[in-house]
Amino acid sequence: MAALTRILRPSSISCSNITKCRYFSTTVPEVQNHNFTRIDPKDRNVQWVFLGVPGVGKGTYASRLSTLLGVPHIATGDLVREELASSGPISQQLTEIVNQGKLVSDEIIFNLLSKRLAAGEAKGESGFILDGFPRTVKQAEILEGVTDIDLVVNLKLREDVLLDKCLGRRICSQCGKNYNVATISVKGENGKPGMSMAPLLPPAHCMSKLITRADDTEEVVKERLRIYNEKSQPVEDFFRNRGKLLEFDLPGGIPESWPRLLEALNLDDYEEKQSAAA
Ligand code: AMP
């Protein structure tokens, strides 16, 4: 834990002001009328967290935002899978836990995260978008004790498509990117709008290298959803009570959701400026 405490330093004052100004003013009633100075996004060093049930798309959107904002996307699930693949001393123990859809111990997660942050820091990284962490209130409390989280994005998607999304998920065994072969199409009913999501197919060179995660089976996904509701949903309340939670209902696939998410984060004009400058 000491390593994490050392590495996860409190964010700069300007960073948290930006967050309050740009991200909270439209979503959190208590600070709606505050008039913080607008700071250009390029001066940011964001410390964000992505929450959401398995299969919701945290990795997809966190990764896109990390590219846009130039901060690392750190997914604890990826760190766990890297450890599994390394055949290190704890990999056997981890395989059993992960393949049953259970949570890995806090000690292991903090060790992996701490190592990842230290490696990033050595390369000059600053800020982060965390994905899949914190997953328990205990993890959230420890995180809160060592750093300021600026914003927590809670991605939400109708439950009846989550299982299909998890079962359709594929990873390129070479580049590690996530894809999805599922075609989601649900009709609207009882006032709820329908939803369609096209598959997210890989480029030709990844196609033959696609693998399915061992924990993306129907039985394990159901267990992961159950564990999310039991252990991780309280994390939403934890950040909601602190006025840090931005709820975002995904309206569909990436083409519909990405622009809306940028809008919710007040980053829509930022992306345009970035593309124009490229
Ligand atoms: P994910 O890719 O986020 O679905 O994570 C895959 C698996 O890694 C989870 O089902 C857990 O077994 C483990 N894991 C990832 N992040 C955490 C965490 N913050 N706490 C405990 N276990 C985790």
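Because the structure is predicted, anything quoted here is derived from the model rather than measured.

Colleague: Please explain the overall build of the protein chain as it appears in this structure.
Modeller: Secondary structure summary: the protein chain contains 12 helices and 10 strands in total. Residues classed as buried in the protein chain amount to 46% of the 278 residues present. Considering only contacts within the protein chain whose residues lie at least 6 apart along the sequence, 72% involve residues at least 24 apart.

Colleague: Sorry if this is basic, but what is going on with unusual backbone geometry here?
Modeller: The general pattern is negative phi for most residues beyond glycine and trans for most peptide bonds. Residue Pro134 is reached from Phe133 by a cis peptide bond, and omega for that bond is 0 degrees. Within the element layout of this structure, Pro134 appears in the loop between strand 3 (128-131) and helix 7 (137-146). Of note, Asn190 is a non-glycine position whose phi angle comes to about 50 degrees, a positive value. For Asn190, a relative accessible area of 78% translates into the label exposed. Not every positive phi belongs to a glycine, and Asn266 is a case in point at roughly 55 degrees. Tracing the backbone shows Asn266 in the loop between helix 11 (254-264) and helix 12 (268-277).

Colleague: Explanation requested: the pairing of strand 4 (residues 151-156) in the structure shown.
Modeller: On any regular strand, side chains alternate: one points to one face of the sheet, the next to the other face. Within strand 4, 5 of the 6 residues are buried, which leaves it mostly tucked inside the rest of the structure. The pairing of strand 1 (residues 47-51) with strand 4 spans 4 bridges and is parallel. Each bridged residue has a counterpart across the sheet, and for Val49 the counterpart in strand 4 is Val152. The sheet contact formed by strand 4 and strand 10 (residues 245-249) spans 5 bridges and is parallel. Paired with Lys156 across the strands is Asp249, a residue of strand 10.

Colleague: Help me understand the site of the ligand, please; the structure alone is not making it clear to me.
Modeller: Lining the immediate surroundings of the ligand are 16 residues, of which Thr76, Arg81, Lys102, Gly132 and Arg135 lie closest. At 3.0 Å, a side-chain N or O of Arg213 approaches an oxygen atom of the ligand. Burial of the ligand by the protein amounts to 96% of the accessible area it has alone, namely 480 Å². Sort the elements by how many residues they give to the shell around the ligand and helix 4 (residues 76-85) lands first, with 4 residues. For the shell around the ligand, the residue count by class is 6 nonpolar, 4 polar and 6 charged.

Colleague: Even after reading the chapter, I still don't get the packing of helix 3 (residues 58-69) against helix 11, so can you show me in this structure?
Modeller: A pair of packed helices can be characterised by two numbers: the angle between their axes and the separation between those axes. As a packed pair, helix 3 and helix 11 sit with axes 12 Å apart at the nearest point and diverge in direction by 55 degrees. When the axis of helix 3 is compared with that of helix 11, the two are oblique. Once helix 3 is placed against helix 11, the crossing between them reads as right-handed. Contacts from Thr60, Tyr61, Arg64, Leu65 and Leu68 of helix 3 reach helix 11 at Ile254, Ser257, Trp258, Leu261 and Leu262. Here the contact of helix 3 with helix 11 is built from residues that sort into 7 nonpolar, 2 polar and 1 charged.

Colleague: Looking at this structure, I do not really get the side chain of Glu83. What am I missing?
Modeller: Positionally, Glu83 belongs in helix 4. Lys115 is the oppositely charged side chain nearest to the buried, salt-bridge-free Glu83, at an N-O distance of 4.3 Å. If we skip the residues at most four places from it in the chain, Glu83 touches Gly88, Ile90, Ser91, Leu94, Leu112 and Lys115.

Colleague: Is there a simple way to think about the side chain of Lys165 in this case?
Modeller: Position of Lys165 relative to the elements: it lies in helix 8 (residues 162-167). Here Lys165 sits buried without a salt bridge, and the closest side chain of opposite charge, Glu256, lies 10 Å off (N-O distance). Setting aside chain neighbours within four positions, we find Lys165 in contact with Gly55, Val56, Gly57, Leu157, Asn180, Ile184 and Met197.

Colleague: Even after reading the chapter, I still don't get the packing of helix 4 against helix 6 (residues 106-122), so can you show me in this structure?
Modeller: For the pair helix 4 and helix 6, interaxial distance at closest approach is 10 Å and the crossing angle is 95 degrees. What the angle tells us is that helix 4 and helix 6 run roughly perpendicular. Along the contact surface, helix 4 presents Thr76, Leu79, Val80 and Glu83, while helix 6 presents Ile109, Leu112, Leu113, Lys115 and Arg116. Considering only residue class, the contact of helix 4 with helix 6 consists of 5 nonpolar, 1 polar and 3 charged.

Definitions and cut-offs
Residues numbered from 1 in each chain as written. Predicted model: local features only at pLDDT ≥ 70, side-chain atom pairs only at ≥ 80, totals over all residues. Heavy atoms only, no water. Helix = DSSP H or I, 4+ residues; strand = E, 2+ residues; numbered from the N terminus. Buried < 20%, exposed > 50% of the residue type's maximum accessible area, 1.4 Å probe, protein only. Contact = heavy atoms within 4.5 Å. Pairing = 2+ DSSP bridges. Near = heavy atom within 4 Å. Polar contact = N/O pair within 3.5 Å; in protein donor to acceptor, adjacent residues only side chain to side chain. Areas by Shrake-Rupley, 256 points an atom, 1.4 Å probe, with all protein chains shown as cover. Nonpolar A, V, L, I, M, F, W, Y, C, P; charged D, E, K, R; others polar. Axes fitted to C-alpha atoms, helices over the stretch in contact; angles between N-to-C directions. Parallel < 35°, antiparallel > 145°, perpendicular 65-115°, else oblique. Left-handed = near helix turned anticlockwise from the far one by under 90°. Lys, Arg positive; Asp, Glu negative; His and termini not counted. Salt bridge = Lys/Arg side-chain N within 4 Å of Asp/Glu carboxyl O.

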